[in-house]
Amino acid sequence: MKKKKIVVSLLAVVLIIAVAGSVFLFLGSDEAALVASYNTTNPYIVDTGALVSAHRSGGGLFPENTFMAFKDCVTSETFETDIFEFDLHITKDNVLILLHDEDFDRTSNSEELFEEKGVKPSEKNFDELQELNLGENFQAPDGTYPYRGLRGDEIPQDLKVVRLEDILDYILSQEKEYSFIIEIKDGGDIGRRAADELYRILTERNILDRVIAGTFNGEITEYFDEKYDDMLRSASIAEVLKFYFSSVFGIDLDPEEIKYDALQIPYKKFGFNLGTQEIINRAHSLNVAVQYWTINDEQEIIELNSRGADAIITDNPEKAYNLISGGE
């Protein structure tokens, strides 16, 4: 019986690989279609070149998800940013802060400060996190670590853990009208609490139309739809897969069932090409924007922009801006 189960499992794997291979062949050609134009009401669908989105606020150039990174993007004289992408966690005392990982170990001196690994935002109050140096492990493009070792009063305010409200108020004070891609990292009750707080902050500032919210947690996506259906959101993993395979097999999607406003997807991953002209055209025909992460390769930026991608989410917004605007 055990051998039989193993054989069945192997056959299932072979079948999956075979299907994956046929899918790749189906969508592997990047020259199969031309850029198509559609009448849309989605403000994130653009036809003048992809928008430049600073991933983790430009984490390849500046310490990620810090006030410093936002300021350096805004004040740069060599490139322009259109969309800021960043990640949220909620603290023990209900403050939304910017952080990508589930803990502070990779980006800061957290283990040293708290004398343990894996400290999560939900375990500490906001004030307790203010002693962290979020530039501790940032490696600059020249290979140096310019902020390593800073402690106490040596830590600049713009390298400390930052609240969502402070970032939004700074960006909203600028002459240029920026947009935001905001991801809630937590799931479960903590994630729902974060969603509540995010919605409150956005509605207070009347900027729901300037934010696409997202999450990799299916229950938080459902929570958005149940409580905050006026919030723009990206497709869940399940919705991306449904869109993808419906494209592969030519299955029509009911526009009334599409509750997302953007596909936020990689280009080529796991043998699949998600950046074909067919994918982009089909999304646009359904009033859905297509935003690609995390695109740092020069050739991929050029290819996706030429096919009508709506946003390039990148660690290096300077490179993306110059390539898209013709500066390089």
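Refer to the structure printed above.
The residue numbers shown here count from 1 along each chain, following its written sequence. In view of the model being predicted, local features appear only for residues whose pLDDT reaches at least 70, and side-chain atom pairs are presented and counted only at 80 or more, with totals across whole chains, interfaces and linings using the full set of residues. By convention in this description, side-chain values take in all heavy atoms of the structure and omit both hydrogens and water.

1. Digging into the overall build of the protein
Line of reasoning, step 1. When helices and strands are counted, the protein shows 10 helices and 10 strands.
Line of reasoning, step 2. Whether a residue is buried, partly exposed or exposed follows from its accessible area with a 1.4 Å probe, protein chains only, as a fraction of its type maximum: under 20%, in between, or over 50%, in that order. Taken over 328 residues, the protein has a buried fraction of 50%.
Line of reasoning, step 3. Contact criterion: two residues are considered in contact whenever any of their non-hydrogen atoms come within 4.5 Å of each other. Sequence separation of 24 or more characterises 68% of the internal contacts of the protein that already satisfy a separation of 6 or more.
Line of reasoning, step 4. Residue-level accessible areas treat just the shown protein chains as cover; the underlying method is Shrake-Rupley with a 1.4 Å probe. For the protein, the exposed surface amounts to about 16000 Å²; the carbon and sulfur share of it is 51%. The secondary structure listing takes helices from DSSP runs of H or I that are at least 4 residues long and strands from runs of E that are at least 2 residues long, numbered from the N terminus.

2. Details of helix H8 (residues 277-285)
Line of reasoning, step 1. Across the 9 residues that make up H8, a large majority, 7, are buried.
Line of reasoning, step 2. Burial in H8 covers these residues: Gln277, Ile279, Ile280, Asn281, Arg282, Ala283 and His284.

3. Section: the packing of helix H9 (residues 298-306) against helix H10 (residues 317-325)
Line of reasoning, step 1. Viewed as axis vectors pointing N to C, H9 and H10 meet at an angle of 45°, and their least axial separation amounts to 10 Å. When the interaxial angle is binned, H9 and H10 end up oblique. Where H9 crosses over H10, the two elements pack in a sense that is right-handed. Contacts between H9 and H10 involve Glu298, Ile301, Ile302 and Asn305 on the former and, on the latter, Lys319, Ala320, Leu323 and Ile324.
Line of reasoning, step 2. Residues are grouped as follows: Ala, Val, Leu, Ile, Met, Phe, Trp, Tyr, Cys and Pro are nonpolar; Asp, Glu, Lys and Arg are charged; every other residue, Gly included, is polar. Each residue belonging to the contact of H9 with H10 can be placed in one class, and the counts come to 5 nonpolar, 1 polar and 2 charged. Note on method: axes are straight lines fitted to C-alpha atoms, helices fitted across the in-contact stretch only, with angles between N-to-C directions ranging 0 to 180 degrees. An angle counts as roughly parallel when it lies under 35 degrees, as roughly antiparallel when it exceeds 145, as roughly perpendicular when it falls between 65 and 115, and as oblique in every other case. The hand of a helix crossing depends on one turn: near helix anticlockwise from the far one by less than a right angle means left-handed, and clockwise means right-handed.

4. So, the packing of aromatic side chains
Line of reasoning, step 1. Here the aromatic set is Phe, Tyr and Trp, taking the six-membered ring for Trp, and pairing holds for ring centres within 6.5 Å; pairs whose planes are under 30 degrees apart are stacked, those over 60 apart are edge-to-face, and all others are tilted. Summed over the entire model, instances satisfying the criterion amount to 12 aromatic pairs.
Line of reasoning, step 2. When the ring of phenylalanine 86 is compared with that of phenylalanine 180, the centres are 6.3 Å apart and the planes differ by 75°; the resulting orientation is edge-to-face. One end of the pair, phenylalanine 86, is in strand S2 (residues 83-90); the other, phenylalanine 180, is in strand S4 (residues 179-184), with 94 residues separating them in the sequence.
Line of reasoning, step 3. Phenylalanine 86 gets classed as buried once you look at its relative accessible area, which sits at 0%.
Line of reasoning, step 4. A relative accessible area of 0% places phenylalanine 180 in the buried class.
Line of reasoning, step 5. Between tyrosine 244 and phenylalanine 245, the ring centres sit 5.2 Å apart and the planes meet at 80°, which makes this aromatic pair edge-to-face.
Line of reasoning, step 6. Note on tyrosine 244: relative accessible area 4%, which makes it buried.
Line of reasoning, step 7. For phenylalanine 245, a relative accessible area of 29% gives the class partly exposed.
Line of reasoning, step 8. One aromatic cluster is present, formed by Phe70, Phe84, Phe86, Tyr178 and Phe180 through successive ring pairs.

5. A few points about H10
For an α-helix, 3.6 residues make a turn, and residues three or four places apart therefore share a direction.
Line of reasoning, step 1. Among the residues of H10, Pro317, Ala320, Asn322 and Leu323 are the ones counted as buried.
Line of reasoning, step 2. Against the buried residues of H10 lie strand S1 (51-55), helix H2 (67-75), H9 and strand S10 (311-314).
Line of reasoning, step 3. Count one or two residues on from H10 and you reach glycine 326, which has phi positive near 85°.

6. Overview of the side chain of threonine 81
Line of reasoning, step 1. Mapped onto the elements, threonine 81 comes out in the loop between H2 and S2.
Line of reasoning, step 2. In contact with threonine 81, other than residues within four places in its own chain, are Val52, Ala54, Cys73, Lys176, Tyr178 and Pro317.

7. Quick notes on unusual backbone geometry
Line of reasoning, step 1. One non-glycine residue with positive phi stands out, namely serine 57, at about 65°.
Line of reasoning, step 2. On the basis of relative accessible area, serine 57 is assigned to the buried category, the value being 0%.
Line of reasoning, step 3. The phi dihedral of glutamate 115 is positive, around 60°, even though this residue is not glycine.
Line of reasoning, step 4. Here glutamate 115 shows up in the loop between helix H3 (110-114) and helix H4 (164-172).

8. What about the pairing of strand S6 (residues 262-265)?
Line of reasoning, step 1. Both faces of S6 are covered, namely the face carrying Ala262 and Gln264 and the face carrying Leu263 and Ile265.
Line of reasoning, step 2. In this structure, S6 lies alongside strand S9 (residues 289-292), joined through 4 bridges in parallel fashion. Its bridge partner being in S9, glutamine 264 is matched across the sheet by glutamine 291. Strands are labelled as partners when DSSP assigns at least two bridges between them.

9. Here we look at the environment of isoleucine 184
Line of reasoning, step 1. Mapped onto the fold, isoleucine 184 is located in strand S4.
Line of reasoning, step 2. Residue class for isoleucine 184 comes out buried when judged on its relative accessible area of 1%.
Line of reasoning, step 3. Residues isoleucine 184 and aspartate 87, spaced 97 residues apart in sequence, show a C-alpha to C-alpha distance of 6.0 Å.
Line of reasoning, step 4. For isoleucine 184, the residues in contact, after removing those within four places along its chain, are Leu88, Gly191, Ala194, Ala195, Leu198, Gly214, Thr215, Asn217 and Phe224.

10. Focus: the pattern of salt bridges
Line of reasoning, step 1. Salt bridge, as applied in this entry: a Lys or Arg side-chain nitrogen positioned within 4 Å of an Asp or Glu carboxyl oxygen. If you walk through the whole model with that rule in mind, you get 20 salt bridges.
Line of reasoning, step 2. Across the pair lysine 242 and glutamate 257 runs a salt bridge whose closest N-O atoms are separated by 3.7 Å. Of this pair, lysine 242 sits in helix H7 (residues 237-248) while glutamate 257 sits in the loop between H7 and S6, and the two are 15 residues apart along the sequence.
Line of reasoning, step 3. A single network of salt bridges, built from pairs that share partners, joins Glu165, Asp169, Glu197, Arg200, Glu204 and Arg205.

The values reported here are purely geometric and, on their own, carry no functional implication.
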